[in-house]
Amino acid sequence: MSEDTALNPVELATELTIAWLSNPNTRATADEVPAFLAKMHQAVNELATSAESGETATEEATAEYTPAVSVRKSLASKDHIISMIDGKPYKTLRRHLSTHGLTPEEYRERYSLKADYPMVAPNYSEQRRAMAHKIGLGAKGRAARAGAEAAAPAPAKRAPRMSTTA
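Let us look at the structure shown here. Fair warning: this is a prediction, and the values are worked out from it, not measured in the lab. (Residues numbered from 1 in each chain as written. Predicted model: local features only at pLDDT ≥ 70, side-chain atom pairs only at ≥ 80, totals over all residues. Heavy atoms only, no water.)

### Points about the packing of aromatic side chains
A ring pair, where both rings are aromatic, is described by two values, the distance of the centres and the angle of the planes.
Stage number 1. In this structure the tally under the stated criterion is three aromatic pairs.
Stage number 2. Between the aromatic rings of Trp20 and Phe36, the centroid separation amounts to 3.9 Å while the plane-to-plane angle is 20°, which identifies the pairing as stacked. Here Phe36 lies in helix H2 (residues 32-52) and Trp20 lies in helix H1 (residues 9-22), a separation of 16 residues in the sequence.
Stage number 3. By relative accessible area, which is 27% here, Trp20 ends up partly exposed.
Stage number 4. Members of the aromatic cluster, each reached through a chain of ring pairs, are Tyr107, Tyr111 and Tyr117. (Phe/Tyr/Trp six-rings, centres within 6.5 Å; stacked < 30°, edge-to-face > 60°. Helix = DSSP H or I, 4+ residues; strand = E, 2+ residues; numbered from the N terminus. Buried < 20%, exposed > 50% of the residue type's maximum accessible area, 1.4 Å probe, protein only.)

Right, dumping it as structure tokens:
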């Protein structure tokens, strides 16, 4: 392959097809090779035309996303939050968002949500809080505060003064 940056699409497609065929794991019949070459040529042409027209990935990133449900409907139940990506209910959205490559901040930005839009359903959050309280999480902090209050001496009360004047 030459060092020219302006490669002929036919040559590039041919080079890619040769590389594909030279892979020992490729099992191809003689009938599949021309179809693969045509596919490669089409793909190279599409890439070349999109590069020439100035299309970039940022245009795709700024695409307008249509939510599957409204904000009101997504928060209608206390048992789950409905995802605006696929319209399915989830107790917590964090794992669902990570499968789509999003952070909670990116999700909120994508669908123009407020910064306080919840990622966990209220009832599920309450269940987790109750379970943590039941097993004693955070008890060390409460015990330390209680111990500090008990160790601090309480202000002594003064006895009332009696007047000596008669």
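### A short note on the pattern of salt bridges
Stage number 1. The full count for this structure, using the stated rule, is one salt bridge.
Stage number 2. Close ionic contact of Arg129 with Glu126 constitutes a salt bridge, the shortest N to O distance being 2.8 Å. Here Glu126 and Arg129 lie together in helix H7 (residues 122-134), a separation of three residues that amounts to about one turn.
Stage number 3. We classify Arg129 as partly exposed; its relative accessible area is 48%. (Salt bridge = Lys/Arg side-chain N within 4 Å of Asp/Glu carboxyl O.)

### Side note on the nonpolar core
Stage number 1. If you look at the biggest cluster of nonpolar residues, it comprises 13 residues, and the most contacted ones within it are Met84, Leu93, Leu97, Tyr107, Leu113, Tyr117 and Met119.
Stage number 2. Ignoring any residue separated from it by four or fewer positions in sequence, one finds Leu113 in contact with Val71, Met84, Tyr107 and Arg108. (Core = buried A, V, L, I, M, F, W, Y, C linked by side-chain atoms within 4.5 Å. Contact = heavy atoms within 4.5 Å.)

### Some thoughts on a nonpolar patch on the surface
Stage number 1. A cluster of nonpolar side chains, contributed by Met131, Ile135 and Leu137, occupies part of the molecular surface with about 320 Å² of accessible area.
Stage number 2. Of note, Met131 is situated in helix H7.
Stage number 3. The exposure class of Met131 is partly exposed, given its relative accessible area of 47%. (Patch = residues over 30% accessible without salt bridge, like charges linked within 9 Å, V, L, I, M, F, W, Y side chains within 5 Å. Areas by Shrake-Rupley, 256 points an atom, 1.4 Å probe, with all protein chains shown as cover.)

### Things to note about the side chain of Ser74
Stage number 1. Assignment of secondary structure puts Ser74 in helix H4 (residues 71-74).
Stage number 2. Ser74 gets classed as buried once you look at its relative accessible area, which sits at 0%.
Stage number 3. With residues up to four places along the chain from it excluded, the contact list for Ser74 reads Val69, His80, Ile81, Ile82, Met84 and Tyr117.

Keep in mind that these numbers describe shape and distance, not what the molecule does.
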